[in-house]
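For reference, the chains in residue letters:
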Amino acid sequence: MKLPDNTGHFDGFGGRFVPETLICALEELEKEYAHARRDRKFKAELGYYLKEYAGRPTPLYLAKNLSRQLGIRKIYLKREDLLHTGAHKINNTLGQILLAVRMKKPRVIAETGAGQHGVAAATVAAMFGLECDVYMGEEDMERQKPNVFRMKLLGARVIPVTSGSRTLKDAMTEALRDWVTNVRRTHYIIGSVAGPHPYPMMVRDFQAVLGREARAQFKKKEGGLPDYLVACVGGGSNAMGLFYPFFYDRSVKFIGVEAGGRGLSLGQHAATLVSGKTGVLHGSKSGLLQDSFGQVSATHSISAGLDYPGVGPEHAYYNKIKRAQYVSVSDKEALDGFKMLSETEGIIPALEPSHAVAYLKKNCRKFKNSTVIVCLSGRGDKDLGIVTKYIKHV
């Protein structure tokens, strides 16, 4: 794919809207990444850690029981939940920590919502001996206590964010402020396909390993290509990692499932591409939830990882050209998806991919004769404390 262009834009989305202080750091990162992606040694080292440390390749699992229960021909699960740290986030943090080492940065910072990216960042920092600070909203720290403990156990400092909604948006804002102040010795490991260029492109490329695997695995099992790819979308790294390697396969339809929360009234959801407008947030131009005055809206989702008012600019581009369809699923429906996958397949998913499972349940007639790959982006142990408040009869 020829996008982004040289200025980091996906047909008008993306770009670099940051303080002047960060321009040099972003240019340094862009230059280092351009060298690294052509460097056989870098690619071999990343491949080694993805395989021997993270546990790639992950299985493409035929969920026979779920397929039968929903009346869908075949549902395959791309099992990113089986990776080290329990989610797809390790794919990106391994790539970025290797870049930080190449740039001789002794410290990394990260933002996190559900905690999975924070854990993955803390994990790779511990392995490579770098300092690590993770910004996390107080609200998310309360609902993701197991991951807060894991980050601290790994040697990271978890910095609570008390401003705004005290969730992912505010954590990313504080991380950017830190980076401005400490730019010479610090690399910011952004966790999604968001932020200023080159992050949307770079994170996409690191996550595309899961889509390339899924493509090869499906072809080996079925002899062709799937009809649909379905993945949850907050910032959208797991979805973009799955979609991107299939971009030119027009027979394969993409469905991104956003957080419908309590309903599609402003402030009650995080379905940016379903009901947002174009705006600038965290260094890039993309879809954004805004009020009538253009101010960033409050959001809500039962899933901390989807509770974000923006979305990666490449997703906004896919939405514009109608390459992907973006839909929403409510909190209640996501809980139904969580419970259904647990009971039918013995796999407890994170609340984020539970939205994707729930969309299949809600629209099972649409997929009746189809083959579907769902990105199971993370495991659900981190969410048990949240789920027990809602599912009383277990």
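Just above sits the structure.
Residues numbered from 1 in each chain as written. Predicted model: local features only at pLDDT ≥ 70, side-chain atom pairs only at ≥ 80, totals over all residues. Heavy atoms only, no water.

### Details of the pairing of strand β14 (residues 371–376)
Then, number 1: For β14, the buried fraction is high: six of the six residues fall into the buried class.
Then, number 2: Burial along β14 is two-sided: the face carrying T371, I373 and C375 and the face carrying V372, V374 and L376 are both buried.
Then, number 3: Pairing of strand β4 (residues 74–79) with β14, which is carried by six bridges, proceeds in the parallel orientation. The residue of β14 that forms the bridge with R79 is L376.
Then, number 4: Examined bridge by bridge, strand β9 (residues 228–232) and β14 share three bridges and lie parallel to one another. Pairing of L229 across the sheet is with I373, part of β14. (Buried < 20%, exposed > 50% of the residue type's maximum accessible area, 1.4 Å probe, protein only. Helix = DSSP H or I, 4+ residues; strand = E, 2+ residues; numbered from the N terminus. Pairing = 2+ DSSP bridges.)

### A short note on the layout of surface pockets
Then, number 1: Reported here for the largest pocket is a volume of approximately 320 Å³.
Then, number 2: Along its surface, the largest pocket is lined by 13 residues, and K43, L46, D205, F206 and R212 are the ones closest to its centre.
Then, number 3: Among the elements of the structure, α2 (40–54) and α9 (199–222) are those that each provide at least two residues to the lining of the largest pocket.
Then, number 4: Taken together, the residues that form the lining of the largest pocket break down as eight nonpolar, one polar and four charged. (1 Å grid on protein atoms, 1.4 Å probe; cavity = no way out; pocket = protein on both sides within 12 Å on 5 of 7 lines; lining within 4 Å. Points joined across faces, edges and corners; volume = space filled by probe spheres on them. Nonpolar A, V, L, I, M, F, W, Y, C, P; charged D, E, K, R; others polar.)

### A closer look at the packing of helix α4 (residues 89–102) against α9
For any two helices packed against each other, one specifies the crossing angle of their axes together with the interaxial distance.
Then, number 1: Relative to each other, α4 and α9 sit at 125°, their axes nearing to 8 Å. In terms of orientation, α4 and α9 fall into the oblique class. At the point where α4 passes α9, the crossing takes the right-handed sense. Together, K89, N91, N92, G95, Q96 and L99 of α4 and Y199, M202, V203, F206, Q207, V209 and L210 of α9 make up the contact between the two elements.
Then, number 2: In terms of residue class, the contact of α4 with α9 is built from seven nonpolar, five polar and one charged. (Axes fitted to C-alpha atoms, helices over the stretch in contact; angles between N-to-C directions. Parallel < 35°, antiparallel > 145°, perpendicular 65-115°, else oblique. Left-handed = near helix turned anticlockwise from the far one by under 90°. Contact = heavy atoms within 4.5 Å.)

### Re the pairing of β9
Then, number 1: Burial analysis of β9 places five of its five residues in the buried class, the great majority of the element.
Then, number 2: Judged by which residues are buried, β9 turns out to be covered on both faces: Y228, V230 and C232 on one side and L229 and A231 on the other are all buried.
Then, number 3: Relative to strand β10 (residues 253–261), β9 runs parallel, the two being bridged by five bridges. By the bridge assignment, C232 is partnered in β10 with V257.
Then, number 4: One crossover worth recording links β9 to the parallel β10 by way of helix α10 (residues 237–243), and it is right-handed. (Right-handed = clockwise from strand over helix to strand, strands pointing away.)

### Notes on the environment of I190
Then, number 1: Note on placement: I190 falls in the loop between β8 (186–188) and α9.
Then, number 2: Its relative accessible area of 1% is what places I190 among the buried residues.
Then, number 3: In the structure, I190 is positioned 130 residues away from L60 in sequence and 27 Å away in space, judged by C-alpha atoms.
Then, number 4: Residues in contact with I190, not counting those within four places in the same chain, are N92, Q96, E111, H117, M172, G195, P196, Y199 and V203.

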